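# Notes for the structure review
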Amino acid sequence: MSNMINVKIDNVPVTVESGTTILEAAKQAGIKIPTLCFLKEINEIGACRVCVCEVKGARSLVASCVYPLDREGTEVFTNTPKVLQSRKTTVELLLSNHDQNCLGCVRNQNCELQKLSLELGCDNKKYAGEKTEYPQDLSTPYLIRDNSKCILCRRCVAACEKYQSVSVIGANARGFDTHIGTAFEKDLGDVPCVGCGQCIAVCPTGALRERDEIDDVLADIANPDKYVIVGTAPATRVGIGEEFGYPIGTNTEGKMVAALRRCGFNNVFDVDFTADLTIMEEGYEFLDRLNNGGKLPMLTSCSPAWIKFVEHYYPQLIDNLSTCKSPQQMFGALCKTYYAEKIGVPAEKISVVSIMPCTAKKFEKGRPYQNASGYPDIDHVLTTREMARMFKRKGIIYNELPDEQYDAPLGIGSGAGLLFGATGGVMEAALRTLAEVLEGKELTKLDFTEVRGIEGIKEAKYTLAGIEVKVAVASGLANARKLMDLIVAGKADYHFIEIMSCPGGCVNGGGQPIHDAYTRNNVNIRELRAKALYSTDVQMKLRKSHENPYIKEIYDNYLGKPNSHKAHELLHTKYVKRGI
Amino acid sequence: MAKIKLTKVPFNGTPEQETLLMNKLETIKDLPGALMPAMQTAQEIYGYLPIEVQRIIADKLNLPIEKVFGVATFYSQFTLNPRGKYKISVCLGTACYVKGSGDILLAIQNKLGIGNDECTPDGKFSLHETRCVGCCGLAPVMTINDDVYGKLTTADIDGILAKY
């Protein structure tokens, strides 16, 4: 039996397990205590003092996010004048060293500081005084750090360390001089940052944001000499709706396609198609490694932050990475070769835009060995958030659009390709194809539930045509690190490992719509979005990559067979050692 | 406050210093909270915490380098700058300050191109703001190692520095 105690929150009796924080207990009493630095499980540091409350008998105000209720009869007051005044002063002091340029800020109306200031009735000019100055970090192609908007909550530091075990950012100096930075004050582009964007996703303000490419895309669309193709990643369709008021976990694929078409793209394609193609290339690469003594375990290569992570932290495992380009890069490569020939437009006139739930994709497009046509495979990458901003700028009434279909041929993907958006999805897609290819007969059950779910590390064993295949799936680079350490130590005997950099996979990518801490702490966002993918897959007729008719066509008429010479030229890549 | 400025003085640690540091790190690396004693030891050995030494500590204690740097820049007991061969201390105590030591400090900063607690790239001079040195009658005052200079004007600075 757990130890239950009775306490009172604002005179409302509540029964909670001993050790429950005031913050959680208050929710039971119908009270939302405001927070700023608190993020459940990763940043419970009681630093910002926005969540202070009065506890009867306590000497001073307490931080409710870390104050455990462990005494029967404790009385807590969450909104006395003293409490409200304290919170107000705290936020006014934070505002005193904040640039307050809300009107031009990408987080305007989605900013926790702005919201708190309003809720607490703050006077934003009350403590006008000296402000810290720090140059914007523009050193990476994927994100911008602007410390003039930073409130030192350290949520980004926690995400970098706890989710990703990357830890390239932290608090430097002290007191008024404190700022979030890197070791030796280097630019982010000069430290082993992997570009996952989880820091952006947890930032309460606009101090962290993606490098915006909307203007470049709009310019290409407006250029009559450009043929502009857009392709959407699997997870974008279950994220974009949130920017237009749909509940978390709503698949608005049809409206997204309609909106993109209204933006003026010449073709609206689906990167699910090249996810299917990845399964063919990666699946056959795996069989080749398995049968011919190649390097095992084979590690998936779809997630660009993961690739960069290996290059920095595990260069000895580079040969274990599949040589397949990611679906994004395969997509661009085919648009500018196969499809360019089909429509008779030269590659240099084609601009390929990919819509991604990811910030690291902006880094990936600039990697070496990613220009199959002689031109960069991908010209511009927009995150799901940027796509929403582009729709708004273009005046598109998203919610009222009809549902439309992707264009053929590069817009047709299977349910397997769709699953690339969630942790375990690449593995499941691969298993559906490998099982049928190896066994030579149709699968009776398509759901590989062992690799589903949001746990950080999953493993399973399958016997495929008499061969036992041991697989593992990890999401969140801190979990990936655990697996890699086992491999380096020779303590793991997996054959095939899927890694997605972001916890829960791309549905929770660093480019997806941002939710405030209250939502993050109380709703399992990644699970809801993943559910939307799985429930779409199960309703689809086409659920296996190798059965996609357009995949068959592209092999029959263009690539030959999986891992052919031509496929290698267009669809495979190389990696570089980076070190730390 | 902008970014923290790092010293331009090249690292010139000796193998003996490194052995001393490594021996200490070996004895404490598995203890909880080993970082502070590791850094204190390193500073005793080197006189400051060069980048190279912070990297050694991070590697040995298996910590992210930013953790080490964050701690090094948080506590005033740690310094990232070596002390120069000649340590210039300019008194900013009340008497010296009203007699214009702020201008003296500025003149030296401009002349040497370094800020407070920094060291010239050749390792010759370091500059330190200090409080009362106990000879207010001579204000404004500065010391260079054991030499005391009083009743200073900014015009004296070039001549004094040229002696070293």
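Residues numbered from 1 in each chain as written. Chains lettered and ligands numbered in written order. Predicted model: local features only at pLDDT ≥ 70, side-chain atom pairs only at ≥ 80, totals over all residues. Heavy atoms only, no water.

Interface size is often expressed as the accessible area that is lost when the parts come together. Across the contact, 22 residues belong to chain A and 18 residues belong to chain B. Carbon and sulfur atoms make up 58% of the area that chain A and chain B hide from each other, which totals about 1,700 Å². Among the salt bridges present, the one from Glu161(A) reaches Lys67(B), with a minimum N-O distance of 3.2 Å. Residue assignment for the side of chain A that touches chain B shows that the elements contributing at least two residues are strand 9 (170–172) and strand 10 (179–181) of chain A. (Contact = heavy atoms within 4.5 Å. Buried area = accessible area lost by both parts, 1.4 Å probe. Salt bridge = Lys/Arg side-chain N within 4 Å of Asp/Glu carboxyl O. Helix = DSSP H or I, 4+ residues; strand = E, 2+ residues; numbered from the N terminus.)

Inspection of the entire model under this criterion finds 48 salt bridges over all chains. Of the charged contacts in the structure, one is a salt bridge between Glu213(A) and Lys365(A), with a shortest N-O distance of 3.5 Å. Placement of Glu213(A) in the loop between strand 11 (208–210) and helix 6 (214–222) and of Lys365(A) in the loop between helix 11 (360–364) and strand 16 (380–383) is noted, with a sequence separation of 152 residues between them. Of the two residues, Glu213(A) and Lys365(A), both sit in the buried class. The shortest N-O distance in the salt bridge between Asp158(B) and Lys111(B) comes to 3.8 Å. A residue pair is termed long-range when its members are at least 10 positions apart, and Asp158(B) in helix 7 (residues 157–162) and Lys111(B) in helix 6 (residues 101–112) qualify at 47 residues. Taking the relative accessible area as the measure of exposure, Asp158(B) reaches 46% and is therefore partly exposed. (Buried < 20%, exposed > 50% of the residue type's maximum accessible area, 1.4 Å probe, protein only.)

Residue and element names in this part refer to chain A. Within the open sheet, the four strands sit side by side as 13-12-15-16. Their pairing is parallel. Single-partner strands in this sheet number two, and they are strand 13 (267–270) and strand 16. For this sheet, the mean inter-axis angle between neighbouring strands, taken without regard to orientation, is 25°. Of the pairings in the sheet, the one linking strand 12 (residues 227–232) to strand 15 (residues 350–356) comprises six bridges and is parallel in character. When the bridges of strand 15 are listed, isoleucine 229 appears paired with valine 352. Packed on one face of the sheet, helix 6 meets strand 12, strand 15 and strand 16 and runs near 125° to strand 16. The strands touched by helix 12 (residues 384–393) are strand 15 and strand 16; relative to strand 16, the strand with the most contacts, the crossing angle is about 90°. (Pairing = 2+ DSSP bridges. Axes fitted to C-alpha atoms, helices over the stretch in contact; angles between N-to-C directions.)

Here the focus is the packing of aromatic side chains. All names here are of chain A. Under the defined criterion, the tally for this structure stands at 20 aromatic pairs over all chains. When the centroid spacing of 4.4 Å and the interplanar angle of 15° are considered together, the rings of phenylalanine 244 and tyrosine 398 count as stacked. Of this pair, phenylalanine 244 sits in the loop between strand 12 and helix 7 (253–263) while tyrosine 398 sits in the loop between helix 12 and helix 13 (415–418), and the two are 154 residues apart along the sequence. In this structure, phenylalanine 244 and tyrosine 398 share a single accessibility class: buried. With centroids separated by 5.3 Å and ring planes inclined at 80°, the aromatic side chains of phenylalanine 448 and tyrosine 462 adopt a geometry described as edge-to-face. Of this pair, phenylalanine 448 sits in the loop between helix 14 (425–439) and strand 17 (457–464) while tyrosine 462 sits in strand 17; the two residues are 14 residues apart in sequence, bridging distant segments of the chain. Judged by relative accessible area, phenylalanine 448 falls into the buried class, the value being 8%. A connected cluster of aromatic rings, assembled from ring pairs, spans Phe244, Tyr246, Phe391 and Tyr398. (Phe/Tyr/Trp six-rings, centres within 6.5 Å; stacked < 30°, edge-to-face > 60°.)

Next up on the list: unusual backbone geometry. For residues besides glycine, phi is generally negative; the peptide bonds are generally trans as well. All names here are of chain A. The omega torsion of the bond from leucine 296 to proline 297 falls at -5°, within 30 degrees of zero and hence cis. As for its placement among the helices and strands, proline 297 is situated in the loop between helix 8 (272–291) and strand 14 (298–299). Here the residue pair alanine 408 and proline 409 is connected by a cis peptide bond, since its omega of 0° sits within 30 degrees of zero. Unlike most non-glycine residues, asparagine 11 shows phi in positive territory, near 70°. You can see asparagine 11 is positioned in the loop between strand 1 (4–9) and strand 2 (12–17). Residue asparagine 11 is classed as exposed on the basis of its relative accessible area of 52%. Positive phi, close to 75°, is recorded for glutamine 109, a residue that is not glycine.

Turning to the environment of Ser303(A), a few remarks are in order. Residue and element names in this part refer to chain A. Along the chain, the position of serine 303 falls in the loop between strand 14 and helix 9 (304–313). In this structure the C-alpha to C-alpha distance between serine 303 and proline 327, which are 24 residues apart in sequence, comes to 9.4 Å. Beyond its immediate sequence surroundings of up to four residues, serine 303 is in contact with Ile499, Met500 and Ser501.

Looking now at helix 12 of chain A. All names here are of chain A. Counting buried positions over the ten residues of helix 12 gives seven, a clear majority of the element. Considered for burial, the residues of helix 12 that qualify are Thr384, Arg385, Glu386, Met387, Ala388, Met390 and Phe391. Within two residues after helix 12, glycine 395 carries a phi angle of roughly 75°, on the positive side.

Residues and elements named next belong to chain A. The domain boundaries assigned to chain A delineate domain 1 (4–79), domain 2 (96–210) and domain 3 (224–571). If you average the C-alpha positions of domain 1 and of domain 2, the two centres end up 27 Å apart. Taken together, the ten residues of domain 1 in the interface contact 14 residues of domain 2. Along the contact surface separating domain 1 from domain 2 lie zero salt bridges. Inspection of the domain 1/domain 2 interface yields three residue pairs in polar contact (both at pLDDT 80 or more). (Domains from an automatic or database assignment. Polar contact = N/O pair within 3.5 Å; in protein donor to acceptor, adjacent residues only side chain to side chain.)

Let's shift gears to the sheet that holds strand 18 (residues 467–475) of chain A. An order of 14-19-18-17 (chain A) is seen for the four strands of this open sheet, with the pairing classed as mixed. Either end of the sheet is taken by a strand with one partner, and the two such strands are strand 14 and strand 17 of chain A.

Residues and elements named next belong to chain A. Sheet topology note: the strand 4 (residues 52–55)/strand 5 (residues 62–63) ladder contains two bridges and is antiparallel. Each residue of the ladder has a partner; that of valine 52, found in strand 5, is alanine 63. Turn length for the strand 4-strand 5 hairpin, with the two strands adjacent in sequence and antiparallel, is six residues, and the turn residue glycine 57 shows positive phi of about 95°.

Moving on, we get to the packing of helix 8 of chain A against helix 18 (residues 549–559) of chain A. Residue and element names in this part refer to chain A. Closest axis-to-axis distance for the helix 8/helix 18 pair is 10 Å, and the angle between their directions is 65°. Of the two elements, helix 8 crosses helix 18, and the hand of that crossing is right-handed. Residues Phe273, Asp276, Leu277, Met280 and Glu281 of helix 8 form the contact with helix 18, whose participating residues are Tyr550, Ile551, Ile554, Tyr555 and Leu559. Broken down by class, the residue content of the contact of helix 8 with helix 18 amounts to eight nonpolar, no polar and two charged. (Left-handed = near helix turned anticlockwise from the far one by under 90°. Nonpolar A, V, L, I, M, F, W, Y, C, P; charged D, E, K, R; others polar.)

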